[in-house]
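As a plain string of letters, each chain reads:
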Amino acid sequence: MSTPVFEKTGTDRFLAAGSATARLYDEARRLIPGGTSRLHYHFEPYPIFARAGAGCRLTDVEGDERIDCLNNMTALIHGHADPEVNAAIVAQLQRGASFSEPSEPEVALARLMVERLPSVEQIHFRSSGTEAVMMAVKLARAFTGRSLIAKFEGAYHGYYDYVQVSFSSTPANWGDARTPRSVPSSGGLSDSVGEEVLVLPFNDPQGVERLLEQHGPRIAALLVEPLSNRSGMPLPADGFYAFLREITRRHGIVLVFDEVIAFRLGTAGAQGRWGGSPDLTAFGKIVGGGLPIGAVGGRADIMALLDPTHGPAAVISGGTYSGNPLSASAGLATLRKLTPEAFARLEALGERMRRGANAIFRAAGQSAQATGAGSLFQIVPTDRPIENYRSVPRDAAASAWLARLHRNLLAAGVIVSRGGLSCLSTPMGEAEVDECLSALEQAVAGLQD
């Protein structure tokens, strides 16, 4: 694998000395640490800056247009500036952007979510996926009277202290595969966090059972990211989520699915595809139609801990923008367009993308693959089977290969994340997928230089 080379190629005018991007980045870096408030979008030598988006295409401040296969980190399932979503936003904006009081759009979005997900009897809105996970953890702790949290190695659940564990561990510190270490994935965490988070091996029922038999009586919640992009999007082994459902019930543990990303897999999300029937589910991204949102929903007896109608709520909540009508209106318009037929079409396009990408990697002799499901796909720098977080190479050569491919794709006119995370949007058709595959073929050919 080659060392990344960052030269100006194709239409990448953003790399030119004195470009609008370079000037904007210098100003941003002076005002914002690293030049961006979103660490995941920082890459060398500096990121492109967005000016506008329409459908599946994004235009940067240089005027260069690319197909967007990232869609605000998977949040924009209908792409940019969807007319129906925009109309819903404008109509609500003319009535008011936010209120102290609850509003009709919040109720309508709650009704739609409850109707679509059998596991969700009630739902509570927040302002981000991180907040949704945080609330799910608090609810589980209050419901069980326990404090220990269990999660899977490599799974990312946002920026709450108790879930910022072992999503970026390395062979140098991750410990034994059957009993992964709890490794802080950020500075600033309490020293006690590692002792309060049990890390489990994904797709390993025997390993999970052994750890839960040992620690089960102290565990409040088991968090599951059904399709983990930091783990290379390994598909669950047959029956794995049903096994998690059974063993958590046996130990009195609240099973929490984090569907902030995976909810774009179908009308009932990942749980509709693979089962599991979680007690609680965290949502975000597409649920807000491109505006900030989070939600936690699930069993009525657990959600009742948030209910203040019979005295003080057991779990206190708030949030100036929680359930705001603007995000709810955008989310409602977005989800209403996501019919079974729309999901089936995205599924077919996703299969076309993954199949075509894998054919390109094989033809070029590259040890890489496109993984994923539905409209989600991920470029992973290995051709070996992806079973869990440890299946994905973590060495410098793999990182360099991804960095070079990412740069080459930008030059060829396609946006993916620097870690290979990618997704499709409903404005795309077979022609746009084939355009992406042609760009990938060009980008892979550039790796030979």
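Please refer to the structure higher up on the page.
About the thresholds
Within any chain, residue numbers begin from 1 and follow the written order of that chain's sequence. Predicted model: local features are reported for residues with pLDDT of at least 70 only, side-chain atom pairs are reported and counted for 80 or more only, and whole-chain, interface and lining totals are derived from all residues. Note that the side-chain values use all heavy atoms of the structure and ignore hydrogens as well as water. In short, DSSP must find at least two bridges between two strands for them to pair. Labels follow the DSSP assignment, with helices taken as runs of H or I lasting at least four residues and strands as runs of E lasting at least two, numbered in each case from the N terminus. Residue contacts follow a heavy-atom distance rule, with two residues in contact if any of their heavy atoms lie within 4.5 Å. Angles shown run from 0 to 180 degrees and are taken between the N-to-C directions of axes, each axis being a line fitted to C-alpha atoms and, for helices, limited to the stretch in contact. A helix is expected to span 1.5 Å multiplied by its residue count minus one. Only protein chains enter the accessibility calculation, which uses a 1.4 Å probe; a residue whose area is less than 20% of its type maximum is buried, one above 50% is exposed, and one in between is partly exposed. Here, a salt bridge means any side-chain nitrogen of Lys or Arg that lies within 4 Å of a carboxyl oxygen of Asp or Glu. Every crossover in which the path from the first strand over the helix to the second runs clockwise, viewed with the strands pointing away from the viewer, is termed right-handed.

### With respect to the sheet that holds strand E1 (residues 50–54)
1) Next: Spatially, E1-E2-E3-E13 is the arrangement adopted by the 4 strands of the open sheet, whose pairing is mixed. Here the strands that pair on one side only, and so sit at the sheet edges, are E1 and strand E13 (414–415).
2) Next: Two elements, E1 and strand E2 (residues 57–60), share 4 bridges in a ladder whose sense is antiparallel. Residue pairing across strands places alanine 54 opposite arginine 57, the latter belonging to E2.
3) Next: Across the sheet, helix H14 (residues 430–446) is in contact with E2, strand E3 (65–68) and E13; its angle to E3 comes to roughly 110 degrees.

### Side note on helix H8 (residues 240–251)
Side chains three or four residues apart in an α-helix point the same way, a direct result of the helix having 3.6 residues per turn.
1) Next: When the terminal C-alpha atoms of H8 are compared, their 17 Å separation across 12 residues agrees well with the 16 Å that a helix rising 1.5 Å per residue should span.
2) Next: Turning to H8, its buried residues are Phe240, Tyr241, Phe243, Leu244, Arg245, Ile247, Thr248 and His251.
3) Next: Check the buried side of H8 and you find it contacts strand E5 (148–152), helix H7 (205–215), strand E7 (219–224), strand E8 (254–258) and helix H9 (269–274).

### Looking at the pattern of salt bridges
1) Next: Enumeration according to the criterion identifies 23 salt bridges in this entry.
2) Next: For arginine 66, the salt bridge is made with aspartate 12, and the minimal N-O distance between the two is 2.7 Å. Remark: aspartate 12 occurs in the segment before helix H1 (20–31) and arginine 66 occurs in strand E3; sequence separation between them is 54 residues.
3) Next: Among the residues examined, arginine 66 registers a relative accessible area of 1% and is labelled buried.
4) Next: Given a relative accessible area of 0%, aspartate 12 falls into the buried group.
5) Next: Across the salt bridge formed by aspartate 60 and arginine 66, the nearest N and O atoms sit 3.0 Å from each other. As far as the burial class goes, aspartate 60 and arginine 66 line up, both buried.
6) Next: Where salt bridges share partners, they join Asp12, Asp60, Arg66 and Arg407 into one cluster.

### Focus on the pairing of E7
1) Next: Most of E7 is tucked away: 6 of the 6 residues are buried.
2) Next: Where E5 lies against E7, 4 bridges are found, and the strand directions are parallel. By the bridge assignment for E7, leucine 148 is matched with isoleucine 219.
3) Next: Pairing of E7 with E8 involves 4 bridges; the strand directions are parallel. If you follow alanine 221 over to E8, its bridge partner there is valine 254.
4) Next: One crossover worth recording links E7 to the parallel E8 by way of H8, and it is right-handed.

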